[in-house]
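Reading the structure
Here is what each chain is made of, one letter per residue.
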Amino acid sequence: MNADPIPPVTDAELHAWVDGQLPADRSDAVSAWLQDHPEDARRVQDWQAQRTALQGLQRSVLDEPVPLALARATRPARRAVWPQALAASVLLALGFAGGWWGRSAGDPAARLAGATPGFVQEARVAHAVYTPEKRHPVEVGVAEQAHLIQWLSRRLGTPLTAPQLQEQGFALIGGRLLPGQNSEARALFMYESAAGERVTLHVSVLGDQAGQDTAFQFIRVGETETFYWVDRRMGYALSGNLARERLAVLADAAYRQLPR
């Protein structure tokens, strides 16, 4: 007997998907819908840009001093996620046993941080919009890689690197410029395997308020896993419809090649 068809997705559900407020089963359905409906995916990307712009109106609050009581409460969490943590990423492929993942994901202070960072939401929307494209998945192809990196570095205002992931089975096919909050520029690099699987690396300049520690986290939306981290003033999000263990290997390779 065939499974019941998925009900059509409403605009209200699309907005809830952007805000991460859908139940897991319906979130999977919306993610599948976006893969098959590029116009809705583009609308979702526009809403995400509007959302991050509105969030930017309160950005000055982030620059205010942290209350002493809260700083004391969160200090153990910052120590738990230490800058050398990704060197132990092999633990991810072995089930995360005893590694930093278990500490950061379950830490009460980490949950206190609330919603997923805006740049990660931007990254997963961009992944959903552009990876299904057949003819124009990127603005600048790998044949012009030097120009691509120079152009994106200039637009983001910092030297960028497109990590090479051939040893992990994924080749760079190109990249594109994306909008972020407050009209800030973002970079997106896209990679493809011989089997046609695609992953995207979304790069953001977050500013000096992002902090000096390196923090790592996973998030899953529908079929898409995103591994993201903040390293000083940079935010990176690697997304793909892959098993978490495979994405962790790619993230480790990318991290080791990125400037710090």
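Provided above is the structure to which this section pertains.
Right, let's walk through the structure included here. Note that this is a predicted model, so its numbers are computed, not measured.

The next subject is helix 9 (residues 118-130). A rise of 1.5 Å per residue sets the reference length of helix 9, with its 13 residues, at 18 Å; its end C-alpha atoms lie 18 Å apart and thus fit the reference within 8%. Of all 13 residues in helix 9, 13 are buried; the element is thus mostly enclosed.

Before going further, it helps to spend a moment on the nonpolar core. Ranked by size, the top nonpolar core spans 36 residues in total, and within it Phe 189, Tyr 191, Val 203 and Trp 229 carry the most contacts. Elements represented by at least two residues in this core include exactly helix 10 (145-156), strand 2 (170-179), strand 3 (185-193), strand 4 (198-205), strand 5 (214-221), strand 6 (224-231), strand 7 (234-240) and helix 11 (244-257). Looking at this core, the element that brings in the most residues is helix 11, giving 7 residues. Aside from chain neighbours lying at most four places away, what touches Phe 189 is Leu 148, Ile 149, Leu 152, Thr 161, Ala 162, Leu 172, Gly 174, Gly 175, Val 199, Thr 200, Leu 201 and Val 203.

Attention shifts here to the side chain of His 127. Relative to the elements of secondary structure, His 127 occurs in helix 9. Since its relative accessible area comes to 1%, His 127 is described here as buried. Side chain to side chain, His 127 and Thr 200 meet in a polar contact 2.9 Å long. Not counting the four nearest positions on each side in its chain, His 127 is found in contact with Pro 132, Arg 198, Val 199, Thr 200, Thr 224, Ser 239, Gly 240 and Asn 241.

Another point: unusual backbone geometry. One non-glycine residue with positive phi stands out, namely Arg 232, at about 60°. Topologically, Arg 232 is positioned in the loop between strand 6 and strand 7.

Next up on the list: the pairing of strand 6. Extensive coverage of strand 6 is indicated by the burial of 8 of its 8 residues. Here strand 6 shows no split at all, with Thr 224, Thr 226, Tyr 228 and Val 230 on one side and Glu 225, Phe 227, Trp 229 and Asp 231 on the other all buried. As paired strands, strand 6 and strand 7 are joined by 7 bridges and run antiparallel to one another. Note on strand 7: the bridge partner recorded for Phe 227 is Leu 238. Counting the residues between successive antiparallel strands, the hairpin from strand 6 to strand 7 contains 2 residues, one of them, Arg 232, with a positive phi of roughly 60°.

Parameters and conventions
- Residues numbered from 1 in each chain as written.
- Predicted model: local features only at pLDDT ≥ 70, side-chain atom pairs only at ≥ 80, totals over all residues.
- Heavy atoms only, no water.
- Helix = DSSP H or I, 4+ residues; strand = E, 2+ residues; numbered from the N terminus.
- Expected span 1.5 Å × (residues − 1).
- Buried < 20%, exposed > 50% of the residue type's maximum accessible area, 1.4 Å probe, protein only.
- Core = buried A, V, L, I, M, F, W, Y, C linked by side-chain atoms within 4.5 Å.
- Contact = heavy atoms within 4.5 Å.
- Polar contact = N/O pair within 3.5 Å; in protein donor to acceptor, adjacent residues only side chain to side chain.
- Pairing = 2+ DSSP bridges.

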